[in-house]
Amino acid sequence: MSEDSQILFGLYVPPHPQPLLSPDANAGYANLRAAFETCRKRIEASDADLIIVYSTTWPSVVGHQIQALKESIWTHVDDDFHYLGSMPYNFQIDSDFSHEYCSAAEKRGLHARTVEYEGFPIDTGSVVALSLLNPDNRIPACIVSSNMYANRSETIVLGKAANDALVTQGKKAVVVVVSSLSNRMFTEHIDPSEDRIHSSKDNEWNEKILEFFADGRLEDLSQLSREIHGQIRVQKVVAYKPAWWLAASMGQHNNYEGEVLAYEALHGSGGAVIQLTPSSGSFGDKEFDEDDVEYYQGDRNVLNKGSH
Amino acid sequence: MSKGEIVLGCLAPHPPHLVYAENPPQNEAFSEGGWETLRWGYAKLARKLKTIDYDAIVIFTPHWQTYIGTHFLGLPEFKSKSVDPVFPNLFRYNYDLKVDVELAEAMHEETAKAGIITKMMKNPDFRVDYGTITSCHLLNPSWDKPIVTISSNRNSHYYSNEVMIEQAKALGEACMRAIEKSGKKVVLVSSHSLSHRHFVTEAPLPEDMSREHIYNHSQYVWDMKIIDMFRNGQMKEVVDIMPEYTEQTIAETEAGGLIWMMAAMGVPSYPAEIYGYQSVIGTGNCIACWDPNTETRELVL
Ligand SMILES: [Fe+2]
């Protein structure tokens, strides 16, 4: 097990640009925006040294990429929602931490690298989150990608490596996972005032997940990730990974104060702003099916094994 | 005005490695070469393009992914730097390109008439995707023709490969009608790899060709099967086999580009010209073109 978590609290926020670009188009978007604002103030009131963002809208292929350019400046435009406007950004990155995170990931067997290039396209989810949670660069940030082929063990190890790096540098952080709950959007353009969750099934699952979050049952959600992926995630990637990364970085237990600040539809998908703060009381006493993993050994090659 | 036509359809894979390996002045990264089989094939196809009279390139790209309909680039010029989010070490390309907005609008209207959800992209800050830039750079390094980029609506993710095929066919046919009405001569480009499983680690020197090979033999056998069908003019059969091929090899055909292009070209039953096949970080890449003109069509490889 890693040492105690250096993470003051965790946030789960949606990647869609509406709360940033068109908060007044719908009462729900405004509600999400207000929840982002509340979280911004809580980060300001904390003694966090940095914000670490794990974004599901930054896919990587070659291992795990970690943004390390000290001043990341560009104007981002979303592939689908370009008509809502541009998103100019200027993010201060804790480059030292990013390099430490990269080497912590490598020590745990992962292939990882930092990216430090002017004009690197920071993804919509990270731009929305950092623009709303840390608009004045009061503290620096670090952003980590979500490898499109990575499954549970890699993601768990990647989460643990984030905490390793915090321990090494003696820093405290707020971690932010950028992800929808159900992620099926409407496939046509809609009047924002008529936005709603795509289906009642998606809504029911979202509500159930939010109950778990509200009870602080993060490790339970981590254990349920494969089921969540099958039920309410469009199969763009191999797995629903945010709860794995969040739970692994924050300590793999159910001892959190959970608060759902907002839950609204974003073009049909489920967008929630949730805060999890480590606490003392645990919810229940569970046994878990999914194994824990400290070090990534690579994919198991089963093709050349057997009774030949 | 005479009827517009598609004068060539190109399968043009877009690993940024190929631009990186060329060291054009637009790209900031520097390489010692690599992937010559594909680059030389591209050079030959680019020479053929120079002999063809055409007005615009229309390109369908997997790297402008849209979930709400099909989008078209809708401003006359885009100038910026494209940094590949996956291989930023290889591709940081300063582009300055022109768009045939009239043709884009025409395709947009015809597509909407066919019942497909569409949108024009008119945000001047929008960055053109690296798939478009890589394929267009390699086919036409002088960038002396306007382009239209069509986004890939991800029906495979949202529904199934079968739905993707139906939508891509309808889109291709609508684009064809718009091209005919426009009176223009157009080159279509379907920008993608074939089999598409990547290695998740990279050699210290990415162009170290001693490290390059297909991800596994199954991918290779499937790719050869498909290329054989290209060669034999069996594009109807390729369309039929596409759901299984895409699933088995997690092919980049999942975005719909090849089906779109084949539908627009009336599903050719003549042989494709093959310009090369090579793996890039484990993926299978074939350069091919379909030339409707029997006088200029040739056996290349
Ligand atoms: Fe691609």
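Residues numbered from 1 in each chain as written. Chains lettered and ligands numbered in written order. Predicted model: local features only at pLDDT ≥ 70, side-chain atom pairs only at ≥ 80, totals over all residues. Heavy atoms only, no water.

**Some remarks on the overall build of chain A**
A count of helical and extended segments in chain A gives nine helices and 10 strands. Dimensions of chain A along its principal axes, counting C-alpha atoms only, are 60 × 45 × 40 Å. Across the 308 residues of chain A, 59% fall into the buried class. At a minimum sequence separation of 6, the contacts of chain A that also span at least 24 residues come to 82%. Surface exposure of chain A reaches about 12,000 Å², of which carbon and sulfur atoms provide 46%. Chain A carries 25 positive and 44 negative side-chain charges, and their two centres are separated by 3 Å. (Helix = DSSP H or I, 4+ residues; strand = E, 2+ residues; numbered from the N terminus. Buried < 20%, exposed > 50% of the residue type's maximum accessible area, 1.4 Å probe, protein only. Contact = heavy atoms within 4.5 Å. Areas by Shrake-Rupley, 256 points an atom, 1.4 Å probe, with all protein chains shown as cover. Lys, Arg positive; Asp, Glu negative; His and termini not counted. Charge placed at Lys NZ, Arg CZ, Asp CG, Glu CD.)

**So, the overall build of chain B**
Within chain B one finds nine helices and 10 strands. Since a compact globule built from 301 residues should have a radius of gyration of about 19 Å, the 18 Å found for chain B is in line with a globular shape. In terms of overall dimensions, chain B has a C-alpha envelope of 55 × 40 × 40 Å along the principal axes. With the model as given, the accessible surface of chain B reaches about 11,000 Å², and the carbon-plus-sulfur share is 51%. Chain B carries 27 positive and 38 negative side-chain charges, and their two centres are separated by 3 Å. (Rg over C-alpha atoms; globule rule 2.2 N^0.38 Å.)

**Considering the interface of chain A and chain B**
Contact with chain A, which involves 38 residues of that partner, is made by 40 residues of chain B. With both chains or domains summed, chain A and chain B bury close to 3,300 Å², and 57% of this area falls on carbon and sulfur atoms. Looking at the side of chain A facing chain B, the largest losses of area belong to His-82, Tyr-149 and Thr-187 of chain A, adding up to 19% of the total buried there. In this structure, the connection of chain A to chain B is made through two salt bridges. Linking Glu-202 of chain B and Arg-113 of chain A is a salt bridge whose minimum nitrogen-to-oxygen distance equals 2.7 Å. Elements with a contribution of two residues or more to the side of chain A that touches chain B: β2 (50–60), β4 (71–76) and β6 (112–115) of chain A. Counted by class, the side of chain A that touches chain B contains 16 nonpolar, 14 polar and eight charged residues. (Buried area = accessible area lost by both parts, 1.4 Å probe. Salt bridge = Lys/Arg side-chain N within 4 Å of Asp/Glu carboxyl O. Nonpolar A, V, L, I, M, F, W, Y, C, P; charged D, E, K, R; others polar.)

**Concerning the coordination of the iron ion**
All names here are of chain B. The coordination sphere of the iron ion contains the protein donors His-14 (NE2), His-63 (NE2) and Glu-252 (OE), at a distance range of 2.0 to 2.1 Å. Counting gaps between the donor residues of the iron ion yields the pattern H-x48-H-x188-E. Of this pair, His-14 sits in the loop between β1 (5–11) and α1 (16–22) while Glu-252 sits in the loop between α8 (235–249) and α9 (257–264); the two residues are 238 residues apart in sequence, bridging distant segments of the chain. We note that His-14, like Glu-252, is buried. (Donors = N, O, S within 2.8 Å, 3.2 Å for Na, K, Ca; no water.)

**Some details on empty space enclosed by the protein**
Rolled over the atoms, a probe as big as a water molecule pinpoints where empty space is left. All names here are of chain B. Applying the stated criterion across every chain, the model contains four cavities of 30 Å³ or more. Of the voids in this model, the largest cavity is the one considered here, and its volume is about 70 Å³. The wall of the largest cavity is formed by Phe-60, Thr-70, Ile-116, Asn-153, Asn-155, Met-164, Gln-167, Ala-168, Leu-171, Ala-255 and Gly-256. The greatest single-element share of the lining of the largest cavity, amounting to four residues, is contributed by helix α6 (residues 161–182). A breakdown of the residues in the lining of the largest cavity according to their chemical character gives six nonpolar, five polar and no charged. (1 Å grid on protein atoms, 1.4 Å probe; cavity = no way out; pocket = protein on both sides within 12 Å on 5 of 7 lines; lining within 4 Å. Points joined across faces, edges and corners; volume = space filled by probe spheres on them.)

**With respect to the environment of Leu-69 of chain A**
As for its placement among the helices and strands, Leu-69 of chain A is situated in the loop between β3 (64–67) and β4. Dropping the residues within four chain positions of it, Leu-69 of chain A is found in contact with Ile-93, Val-115, Glu-116, Tyr-117 and Glu-118 of chain A.

**Here we look at the packing of helix α2 (residues 36–50) of chain B against helix α4 (residues 130–139) of chain B**
Residues and elements named next belong to chain B. Interaxial distance between α2 and α4 falls to 8 Å at its minimum, and their mutual angle equals 70°. One element, α2, and the other, α4, form an angle in the roughly perpendicular class. Each of Tyr-42, Leu-45, Ala-46 and Leu-49 in α2 lies in contact with α4, whose residues at this interface are Ser-135, Leu-138 and Leu-139. Class assignment of the residues belonging to the contact of α2 with α4 gives a composition of six nonpolar, one polar and no charged. (Axes fitted to C-alpha atoms, helices over the stretch in contact; angles between N-to-C directions. Parallel < 35°, antiparallel > 145°, perpendicular 65-115°, else oblique.)

**As for the packing of α6 of chain B against α8 of chain B**
For any two helices packed against each other, the geometry comes down to the angle between their axes and how far apart the axes lie. Residue and element names in this part refer to chain B. Packing of α6 against α8 brings their axes to within 9 Å, and their N-to-C directions diverge by 135°. When the axis of α6 is compared with that of α8, the two are oblique. The handedness of the crossing between α6 and α8 is right-handed. Residues Asn-161, Glu-162, Ile-165 and Lys-169 of α6 touch α8, and the partners they reach there are Val-239, Met-242, Pro-243, Thr-246 and Glu-247. (Left-handed = near helix turned anticlockwise from the far one by under 90°.)

**Some words on α9 of chain B**
Residue and element names in this part refer to chain B. Here α9 lies mainly inside the structure; eight of its eight residues are buried. Turning to α9, its buried residues are Gly-257, Leu-258, Ile-259, Trp-260, Met-261, Met-262, Ala-263 and Ala-264. Phi turns positive, to about 75°, at Gly-266, one or two residues after α9.

**Some remarks on helix α6 (residues 200–214) of chain A**
Residues and elements named next belong to chain A. Between its terminal C-alpha atoms α6 stretches 20 Å, which fits the 21 Å expected from 15 residues at 1.5 Å a residue. Every buried residue belonging to α6 is among Asp-202, Asn-206, Ile-209, Leu-210, Phe-212 and Phe-213, and all of these are buried. The arc that holds every buried residue of α6, seen down its axis, measures 155°, which confines them to one face. Opposite its buried face, α6 presents the exposed residues Ser-200 and Glu-204, each directed more than 90 degrees away. Phi turns positive, to about 75°, at Gly-216, one or two residues after α6. (Expected span 1.5 Å × (residues − 1). Arc of directions from axis to C-beta.)

**Regarding the nonpolar core**
Counting 53 residues, the largest nonpolar core has Phe-78 and Val-187 of chain B as the members making the most contacts within it. Broken down by element, this core gets its largest block of residues, five residues, from α4 of chain B. When neighbours within four sequence positions are excluded, Phe-78 of chain B is seen to be in contact with Leu-73, Tyr-95, Asp-96, Leu-97, Val-99, Met-121, Asn-123, Pro-124, Phe-126 and Val-128 of chain B. Counting 52 residues, the second largest nonpolar core, distinct from the first, contains Ala-112, Ala-243, Tyr-256 and Tyr-263 of chain A. (Core = buried A, V, L, I, M, F, W, Y, C linked by side-chain atoms within 4.5 Å.)

**Focus on the pattern of salt bridges**
The tally for this structure, following the rule as stated, stands at 31 salt bridges over all chains. Residue Lys-81 of chain B pairs with Glu-118 of chain A through a salt bridge whose shortest N-O separation is 3.0 Å. Residue Lys-81 of chain B is located in strand β4 (residues 77–83), and its partner Glu-118 of chain A is located in the loop between β6 and α4 (124–133); the two belong to separate chains. Its relative accessible area of 4% is what places Lys-81 of chain B among the buried residues. Among the salt bridges present, the one from Arg-92 of chain B reaches Glu-28 of chain B, with a minimum N-O distance of 3.2 Å.

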